[in-house]
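Descriptive structure summary
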Amino acid sequence: MTGGGSSIPEVQNLLAALVASKPGGKIAELGTAFGAGARAIADALPPDATFVTVESDPARYTEACAALAETRAEVVNACWEDVLPGRGPFDLVFFDGGTRERPLELPISLLAPGGILIKDDLTPGRPIEGDPVREAFFQDQRLVAVELLTTAATAAIVAVRRP
Ligand SMILES: C[S@@+](CC[C@H](N)C(=O)[O-])C[C@H]1O[C@@H](n2cnc3c(N)ncnc32)[C@H](O)[C@@H]1O
């Protein structure tokens, strides 16, 4: 499925800060779109870390390749479900493609112990109960999750896989 625009600058700053805390880490982005979030990740990537980003839409993939040409990002044109299992475990996963129709099981399986899973584009101030995305993050005993305001009107969830 294709859809969704680029991440906002506040989310890109959050990604950059978390990525910078992962020396030697393996980083993955599920859903590259045009490469905006990937650029923030790539620019913050520690020297010994690796980064793969996966986009299913061919036109978006082509744009992202151009935007990321000068970086160490590996850009892949595929459904992430088909190419990332077997390449993990990852120390940080930005879960940003196919998030509505996918349960969390596969993204969690990509995480190393202590690995971080990030989901943006939430509307703040809503209860966990009755919200499938929040329930998946906050009621899964494998995760320790926190919801953060990224602007006054947007929020993100940062979850760590328990070691
Ligand atoms: C919200 S956009 C991504 C924004 C990007 N991460 C950023 O920070 O700018 C979601 C993207 O995920 C892609 N997508 C959706 N399902 C996917 C899947 N199963 N595998 C790979 N990409 C997918 C869509 O084509 C779309 O470009």
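Residues numbered from 1 in each chain as written. Predicted model: local features only at pLDDT ≥ 70, side-chain atom pairs only at ≥ 80, totals over all residues. Heavy atoms only, no water.

Some details on the site of the ligand
Around the ligand, the surrounding shell holds 26 residues, and the nearest of these are Ser7, Gly31, Glu55, Arg60 and Asp96. Between an oxygen atom of the ligand and a side-chain N or O atom of Ser7, the distance comes to 2.6 Å. Within the side chain of Arg60, a nitrogen or oxygen atom sits 2.7 Å from an oxygen atom of the ligand. Protein burial of the ligand: of its 610 Å² of free accessible surface, 96% is covered by the chains. Sorting the residues of the shell around the ligand by element identifies helix H2 (36-44), strand S2 (50-55) and helix H4 (80-83) as the ones contributing at least two each. (Near = heavy atom within 4 Å. Polar contact = N/O pair within 3.5 Å; in protein donor to acceptor, adjacent residues only side chain to side chain. Areas by Shrake-Rupley, 256 points an atom, 1.4 Å probe, with all protein chains shown as cover. Helix = DSSP H or I, 4+ residues; strand = E, 2+ residues; numbered from the N terminus.)

Looking at the packing of aromatic side chains
Per the stated rule, a full pass over the model turns up one aromatic pair. When the ring of Trp80 is compared with that of Phe95, the centres are 6.0 Å apart and the planes differ by 85°; the resulting orientation is edge-to-face. With Trp80 in helix H4 and Phe95 in strand S4 (residues 90-95), the pair connects residues that are 15 residues apart, well separated along the chain. Phe95 shares its class with Trp80; the two are buried. Lying across the ring of Phe90, Lys26 places its NZ or CZ 5.4 Å from the centre. (Phe/Tyr/Trp six-rings, centres within 6.5 Å; stacked < 30°, edge-to-face > 60°. Buried < 20%, exposed > 50% of the residue type's maximum accessible area, 1.4 Å probe, protein only. Lys NZ or Arg CZ within 6 Å of the ring centre and 35° of its normal.)

Description of the pairing of strand S5 (residues 111-122)
Here S5 lies mainly inside the structure; nine of its twelve residues are buried. With four bridges joining them, S4 and S5 adopt parallel strand pairing. Counted as the bridge partner of Phe90 is Leu111 from S5. Where S5 and strand S7 (residues 154-161) come together, five bridges link them in antiparallel fashion. In the sheet register, Leu122 faces S7, and the bridge partner there is Ala155. (Pairing = 2+ DSSP bridges.)

Examining the pattern of salt bridges
Going through the model one piece at a time under the given rule, you end up with six salt bridges. Of the charged contacts in the structure, one is a salt bridge between Asp140 and Arg142, with a shortest N-O distance of 2.7 Å. Take Asp140: its relative accessible area is 15%, and that puts it in the buried class. Of the residues examined, Arg142 reaches a relative accessible area of 28% and is grouped as partly exposed. By sharing partners, the salt bridges in this structure join Glu105, Asp140 and Arg142 into a single network. (Salt bridge = Lys/Arg side-chain N within 4 Å of Asp/Glu carboxyl O.)

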